[in-house]
Amino acid sequence: MSDVGGAVLAVVLAAVSLGLFAVAVSTMWWMLHAWRDPETLVETGFVQEPGEPQLSFSLLVPARHEEAVLEQTLEQLRRLDHPSYEVLAIVGHDDQGTADVARRVAARDGKVRVVVDHNWPKNKPLALNTALAHCRGEITGVFDAEDEVAPRLLRVVDGVFRAEQADVVQGGVQLVNFRSSWFSLRNCLEYFFYFRSRLHLQERHGFIPLGGNTVFIRTALLRQVGGWDPTCLAEDCEIGVRLSTMGRRIAVCYDAHLVTREETPDTVGALLKQRTRWNQGFLQVLRKGDWRQLPTRRQRWLARYTLCQPFLQAFAGIAIPISVATALFADVPIGIAMLTFLPALPTVAMVVFELVGLREFCRVYYLRPQFSDYAKLVLGTPPYQILLAAAALRAVWREARGHRGWEKTSHAGLHRTAASSTVAAGTGPAPR
Amino acid sequence: MLLPLVAVVTAVHATGIARWPGFSDDEGTYVAQAWAVLHGQGLTHYTYWYDHPPLGWLQLAGLRGLAGPVLDDLSAVAAGRVLMLVPLVASCTLLWLWARRLGLRVPAAALAVALFGLSPLSVAFLRGVYLDTLALPWMLGAFVLAATPKRRLWSYAGSGACFGVAVLTKETMLLLLPALLLQVWQTCDRRTRAFCVTAFGSVLSAVGLAYPLYAALKGELLPGRDHVSLLAGVVFQLSGRAATGSPLDPSSASAALVDSWLAIDPWLLAVGVLSVPTALLVRRLRPVTLALLVLVVVGLRPGYLPQPYVVALLCLCALVAAGLADTAVGAVRSAPGQPRRLVRPVVALLVVGGLGAALAPDWASGLRTATTVDANEAGRQATAFLAERVDPRARVLVDDSYYADLVEVGFQPQFGVVWFYKLDQEAGLDPSVAERLPGGWREFDYIVSSPVLRSALEQQPDSLEEVRRALSSSTPLQIFGTGDGRVEIRRIVGEGTGSGVPNLAAP
């Protein structure tokens, strides 16, 4: 190799390594926010106004080909502990099976109504907007068709709205079926760190990409901003960004006893599609540029960083081994070679923190971690990184090619415990 | 309170810093290695053989670079000593912070800093260019951060980083890990403890792993036929060094070393070590007491006891003693039903006065020696003589404190000015010297017989054979000073000796 070539390679490697190091450290910073000191940990919980509930709620449940899980979800929702709420099941005009299930529950309880969405093609934001017109509650909440909702949730959210003068309350969501596949454990932990820790830092800095469910927004505000963006693949993130930009007060609360339980995608393919959709949605929000109206420069940088983060993280996972390998095989100065290992350090540390997170996760969800879980977590890291990188690439590719179709995640009810699934026993698995 | 105290301590240390105590070989070595770093010659002036992790003299080189031409008038080791005021000031400040974070009241924290900074033993050792002194602020910083009152996650991570740097500066600091872990554990909140301990541990290992990574990238991690290796260096430090025995055995070299410490100042070490059993009963003092206890126990085992081992002991002794005093005062204050108004000042006066009266004469005479005696005059004269009167092409065998200065005035590095230890073929620590100078002592024109060189010969009667021959085959050319402190410049004479440089001018 020529001297000039060697020098260029050394400079490039050094720059890439420092960049990757910055990405890895910032990812870790966000991941560990909740535990930065005991006071912060306490702040991440629900702060509620005491007293009886005073608000009324409309809970939207968009369901498409969800006859396997919807009935149980609606049954649970109609038994929530709150004096004033309604449940709106949103079904497609072409989806008779799901509609039948929804109507059956509606017939048993006046609290449950069925809204038929006639839009075509179908997607979640369109369904939500259709139902928004029918909402009677002061607060509109969103749940997915497979969600397990804590009975006390509404009562507590009611208190948070009053205590924090909030316009939006985001509750915790947790994937729980962490032993159903090799990636489900990683997937569960991602949610754990996201809702337990990361969202709270976003809240502190006033820029929150909201989650897809267990999110509650004042109905009047929702109508004022025109509901969800039907062209966006991450409508939840998008509306969060819009409301953040308007300076609306968004409260993020986490309590292990009040999280909404969900299931992981059941196959690698489904996970890949789900991630592609989210990533592409983030890209769309980035391109749409509402965040440019955020008041401070710091917030705008945070917006850029947040919306790019899935891509940064995915590429870092791939780029770190490549840069280390380059440094080892190409003859670069020893200082540069050592520098290429720098980003690997926080990355490895993150895996260790995930092990600690797994222990914490198991503790708060009353599970007993096994050695095999820890092993799976560590061994699953490289393939999971590759998967994330693939989803990131796929998202960029699809967005560039203009493929904006909605790739929906299907649900089998793996997160439901045997005891709680007796309600659903009547509905057999439906073809999808 | 802190500022004037640190100013006084610094003034005492700075007065006569280059004159007393006499330069040691270790100081010369670290200064020469820092010199090699600054001049782009790699990590050391000879092959780096993983004797110590390099971070200490890298810091020294950094400080020297920052100081720039300000110190150019001083000899290399003297300049190094002036730079040691930086870790001194940092250590005093951090010791204060640690004391405050452990809940010591201001007077007690001041007492800790004063005991540590003004003990003649501290002056004797913290003036020296030793890796231990460079590691000290990092070690104290690790404890200060671990004692974070807000129990911040990133503070624990910072603590791990500091401790990693401390260990890579002087590896013996690793002995304090259990005490530091105890400090981390004690301050942690139960709910965030797992994350805090993980942050501490992963940052510490990340920093620590940089050292073996460096060795591995150079292909020097494991021993091989004709290269140095990290593993061989570690094995040498752990078992290869000639044991100096246990200080408990009065005839051992370790006992002599400890005696020499106690001769300079018996008080600080005695008060500190005697406080240990009681201080262990006080929860907040347990980490620092455990640190002291570990160092004492390890120091008492038979094995190699390094000279500057005392450096870390000093600040721990000071803090344990001051902490215990603070606890005692607190206990007296809160004791109910006593005529406190009268008793308290009397007790305080008795304790402080008694201790002061006992300390004062010893410390005053120790500090007088430290600030007035010049133990390096002969060495300076010898360097000047060599620089002015001896042909710089000549090959000279010296102790390491002469190395950098002679190279600065034009002598050839590595194989022109040769550090006498490198001639010890038996140890086989540096193959390059044996290869380049196959004739051993015969390849030299001059030998500088300094106190350092003579005491090395005395302490290691079974090795350094080449140096002994060089000495016995030489005649004195010029002698500076008298007695044990004298420095002789000797010409090596005899058949087939000399560097063979043609027309070497005779002085």
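Since the structure is predicted, the reported quantities are computational estimates derived from the model, not experimental observations. Note on numbering: residues in each chain are counted from 1, in written sequence order. Going through the entries in the order they are written, you letter the chains from A and number the ligands from 1. Local features in a predicted model are, by the rule used here, given only for residues with pLDDT of at least 70; side-chain atom pairs are given and counted only at 80 or more, and totals for whole chains, interfaces and linings are based on all residues.

Asker: Any details on the interface of chain A and chain B? Residues and values, ideally.
Answerer: Opposite the 17 residues of chain A that make contact, chain B presents 18 residues. Every element with two or more residues in the side of chain A that touches chain B is listed here: α2 (38-43), α12 (334-341) and α13 (344-364) of chain A. We count a stretch as a helix when DSSP gives it H or I for four or more residues in a row; a strand needs E for two or more, and each element gets its number in order from the N terminus. Element by element, the count of residues in the side of chain A that touches chain B is highest for α13 of chain A, at seven residues. Residues are treated as contacting if the C-beta atoms built from their backbones sit within 7 Å of each other.

Asker: Tell me what's going on with the domain arrangement of chain B, and back it up with residues and numbers.
Answerer: As used throughout, domain bounds are those supplied by an automatic or database domain assignment. Entries for chain B in the domain assignment read domain 1 (2-17 + 84-372) and domain 2 (377-492). For domain 1 of chain B and domain 2 of chain B, the distance between their C-alpha centroids amounts to 36 Å.

Asker: How would you sum up the sheet that holds strand β4 (residues 139-142) of chain A? Please name residues and give values.
Answerer: All names here are of chain A. In this scheme, strands are said to pair when DSSP sees at least two bridges between them. Taken in spatial order, the seven strands make up an open sheet running β3-β2-β1-β4-β7-β5-β8, and their pairing is mixed. Edge positions in the open sheet fall to β3 (112-117) and β8 (250-252), since each of these has one partner strand only. Neighbour-to-neighbour, the strand axes of this sheet turn through a mean angle of 20°, independent of strand direction. Bridge count between β4 and strand β7 (residues 215-218): four bridges; the pairing is antiparallel. Opposite Gly141, over in β7, you have Phe216 as the bridge partner. To define axes, lines are fitted to C-alpha atoms, for helices over the stretch in contact only, and angles between the resulting N-to-C directions are given on a 0 to 180 degree scale. Sitting on the sheet, helix α4 (residues 96-108) is in contact with β1 (57-63), β2 (85-92) and β3, with an inclination near 155° to β3.

Asker: Describe the confidence of the model for chain A, naming the residues involved and giving the relevant values.
Answerer: Low pLDDT marks regions whose predicted coordinates should not be analysed in detail. Each residue gets a pLDDT score, which is the predictor's confidence in that residue and runs from 0 to 100. Model confidence for chain A is summarised by a mean pLDDT of 89, while 96% of its residues fall at 70 or above. Confidence drops under a pLDDT of 50 for residues 418-432 of chain A, and excluding neighbours within four residues, the segment shows 20 contacts in the predicted structure.

Asker: Tell me about unusual backbone geometry, and name the residues and values.
Answerer: Omega for the bond connecting Trp120 of chain A with Pro121 of chain A falls within 30 degrees of zero, at -5°, which places this linkage in the cis form. Mapped onto the secondary structure, Pro121 of chain A falls in the loop between β3 and α5 (124-132). Cis peptide bonds are those with omega within 30 degrees of zero, and the linkage from Trp20 of chain B to Pro21 of chain B qualifies with -10°. Relative to the helices and strands, Pro21 of chain B is located in the loop between α1 (2-14) and α2 (25-38). Positive phi is not limited to glycine here, since His65 of chain A has a value of about 55°. By the secondary structure assignment, His65 of chain A is in the loop between β1 and α3 (70-77). Even without a glycine there, the phi angle at Arg151 of chain B is positive, about 55°. Take Arg151 of chain B: it is sitting in the loop between α8 (131-146) and α9 (153-169). Three classes are used. A residue is buried when 20 or more other C-beta atoms lie within 10 Å of its own, exposed when 12 or fewer do, and partly exposed in between, with C-beta atoms placed from the backbone. Taking the C-beta count within 10 Å as the criterion, Arg151 of chain B has 19 such neighbours and is therefore assigned partly exposed.

Asker: So what's going on with the sheet that holds strand β4 (residues 474-480) of chain B? Residues and values would help.
Answerer: Residues and elements named next belong to chain B. If you trace the five strands from one edge of the open sheet to the other, you get β2-β1-β3-β5-β4, paired in mixed fashion. A strand with exactly one partner marks an edge of an open sheet, and here the two such strands are β2 (417-419) and β4. Between one strand axis and the next, the sheet turns by 25° as a mean value, whatever way the strands run. Here strand β1 (residues 396-398) runs beside strand β3 (residues 446-449); their pairing, made up of two bridges, is parallel. Residue pairing in the sheet places Leu397 in a bridge with Ile447 of β3. Along the sheet, helix α18 (residues 377-389) makes contact with β3, β4 and β5 (487-492), crossing β5 at roughly 35°.

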